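# Structure assessment
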Amino acid sequence: MLFPSLFNTIIILTALIIIAVLCVIIKKLTPAAGVAAIVVGWFIFAGAGYVGELQLFTFFVLSVLATRHGRALKGKAHGEQRDAFQVFANGGVATIIAVIAMIDYNHTSLYTLMIAGSLAAAIADTLSSELGMVYGKRTFNILTFRKEPKGLDGVISIEGTLIGATGAFIIAAIYMWDRSLWIITLAGVGGNVIDSLLGATLERRGIIGNNVVNFLNTLTGALIAYLLF
């Protein structure tokens, strides 16, 4: 198994701990979520290096900004504070792949691409959901295409979908400007589509919850990246 150097480990862990503590203080994360974020952050760094860590940090910052933006228009009942289950729902797949990358380090390029695809799907879902509720002009059920209110499971908008695709493209751009750019972007968009389909079917019926949907969304992003590799 390949581990980062002691120097890099100290730098990353220090940065992760500082960020996690600040997020707990300002109530963006619960204490347990703060610990989960440190674990996820370290393993992604160990498996995907500084690029993977930058992608994770970008996902976190954009998610926080998107959640805060237009808060009055969203009329949400839930707060912005995330728990450990939500952290692992969005970062768990990337973490698992990072661990595999540490063990099978002869195929690092494949695993880092899958990690990027996973995070691209996570940010695509978050941005399309949060900002689609603000900027979406016509919201409709992804299965029936019938007009439905904003915020319901499986309800999308063209504006929200495009914003989500832009988020996936940002993650892809951090990774590399070559064919991977489109692979990761497509992985993000594909994961977001699956997220909406699951929301319109299983989640709306109460069969699975939002955390499971998010986990499957990121898993789909990783698998699409694998298939297109």
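A few points on the structure. Note that the structure is a prediction, hence the values are computed from the model and not measured.

Our next topic: the overall build of the chain. Per the secondary structure count, the chain includes eight helices and two strands. The C-alpha radius of gyration computed for the chain amounts to 17 Å, which stays within 12% of the reference 17 Å derived for 229 residues, consistent with globular compactness. When its C-alpha atoms are laid out on the principal axes, the chain stretches across 55 × 40 × 30 Å. Looking at the chain as a whole, 48% of its 229 residues are labelled buried.

Following the sequence through the fold, Ser128 ends up in helix H5 (residues 108-135). Engagement of the side chain of Ser128 in a polar contact is seen with the backbone oxygen of Ala124, the distance being 2.8 Å. For Ser128, the side chain forms a polar contact with the main-chain oxygen of Asp125, separated by 3.0 Å. When sequence neighbours within four positions are dropped, the list of residues in contact with Ser128 reads Met133, Gly160, Thr161, Gly164 and Asn192.

Our next topic: a nonpolar patch on the surface. Taken together, the side chains of Ile17, Ile18, Val21, Leu22, Ile25 and Ile26 present a nonpolar region at the surface, about 570 Å² in accessible area. When you line up the elements, Ile17 lands in helix H1 (residues 6-25). Look at Ile17 and you get partly exposed, because its relative accessible area is 42%.

Attention shifts here to unusual backbone geometry. In the Ramachandran plot, Lys27 falls in the positive-phi region, its phi being about 65° despite a non-glycine side chain. Along the polypeptide, Lys27 turns up in the loop between H1 and helix H2 (31-68). Lys27 sits in the exposed class, given a relative accessible area of 56%. A positive phi angle is found at Phe145, which is not glycine, with a value near 65°. Topologically, Phe145 is positioned in the loop between strand E1 (139-141) and strand E2 (155-157). Of the residues examined, Phe145 reaches a relative accessible area of 53% and is grouped as exposed.

Along helix H4 (residues 84-103), the sharpest kink reaches roughly 60°, centred on Gly91. At the N-terminal boundary of H4, the capping side chain belongs to Asp83, with an oxygen 3.1 Å from the backbone nitrogen of Phe85.

Mapped onto the elements of the fold, Arg138 is located in the loop between H5 and E1. Note: C-alpha distance between Arg138 and Pro149 (11 residues apart in sequence) is 9.0 Å. Setting aside anything within four residues of it in sequence, one finds Arg138 in contact with Phe145, Lys147, Ile156, Ser157 and Glu159. A distance of 3.3 Å separates a polar atom in the side chain of Arg138 from the backbone oxygen of Phe145.

Summed over the entire model, instances satisfying the criterion amount to one salt bridge. Salt-bridge contacts for Arg204 lead to Glu148; the nearest nitrogen and oxygen are separated by 3.0 Å. With Arg204 in the loop between helix H7 (179-203) and helix H8 (210-228) and Glu148 in the loop between E1 and E2, this residue pair connects regions lying 56 residues apart in the sequence. What makes Glu148 buried here is its relative accessible area of 18%.

The N-to-C vectors of H5 and H7 enclose an angle of 50°; their axes lie 7 Å apart at closest approach. Regarding the angle of H5 to H7, the classification is oblique. H5 and H7 meet at a crossing whose hand is right-handed. Residues Leu113, Ala116, Gly117, Ala120, Ala121, Ala124, Asp125 and Ser128 of H5 form the contact with H7, whose participating residues are Ser180, Ile183, Ile184, Ala187, Gly188, Gly191, Asn192 and Asp195.

Let's shift gears to the packing of aromatic side chains. One pass over the structure, following the stated rule, counts five aromatic pairs. A centroid spacing of 4.8 Å and a plane angle of 65° characterise the contact between Phe45 and Tyr50, whose relative ring orientation is edge-to-face. For Phe45, a relative accessible area of 4% translates into the label buried. Tyr50 sits in the partly exposed class, given a relative accessible area of 45%. Look at Phe169 and Trp182: their rings are 6.0 Å apart centre to centre, the planes differ by 50°, and that puts the pair in the tilted class. Of this pair, Phe169 sits in helix H6 (residues 158-175) while Trp182 is found in helix H7, placing the two residues 13 residues apart along the sequence. Residue Phe169 is classed as partly exposed on the basis of its relative accessible area, which comes to 27%. Among the residues examined, Trp182 registers a relative accessible area of 54% and is labelled exposed. Chaining the aromatic ring pairs together yields one cluster made of Phe169, Trp177 and Trp182.

Rules and cut-offs
- Residues numbered from 1 in each chain as written.
- Predicted model: local features only at pLDDT ≥ 70, side-chain atom pairs only at ≥ 80, totals over all residues.
- Heavy atoms only, no water.
- Helix = DSSP H or I, 4+ residues; strand = E, 2+ residues; numbered from the N terminus.
- Rg over C-alpha atoms; globule rule 2.2 N^0.38 Å.
- Buried < 20%, exposed > 50% of the residue type's maximum accessible area, 1.4 Å probe, protein only.
- Polar contact = N/O pair within 3.5 Å; in protein donor to acceptor, adjacent residues only side chain to side chain.
- Contact = heavy atoms within 4.5 Å.
- Patch = residues over 30% accessible without salt bridge, like charges linked within 9 Å, V, L, I, M, F, W, Y side chains within 5 Å.
- Areas by Shrake-Rupley, 256 points an atom, 1.4 Å probe, with all protein chains shown as cover.
- Salt bridge = Lys/Arg side-chain N within 4 Å of Asp/Glu carboxyl O.
- Bend = angle between axes of the 7 residues up to and from the residue.
- Axes fitted to C-alpha atoms, helices over the stretch in contact; angles between N-to-C directions.
- Parallel < 35°, antiparallel > 145°, perpendicular 65-115°, else oblique.
- Left-handed = near helix turned anticlockwise from the far one by under 90°.
- Phe/Tyr/Trp six-rings, centres within 6.5 Å; stacked < 30°, edge-to-face > 60°.

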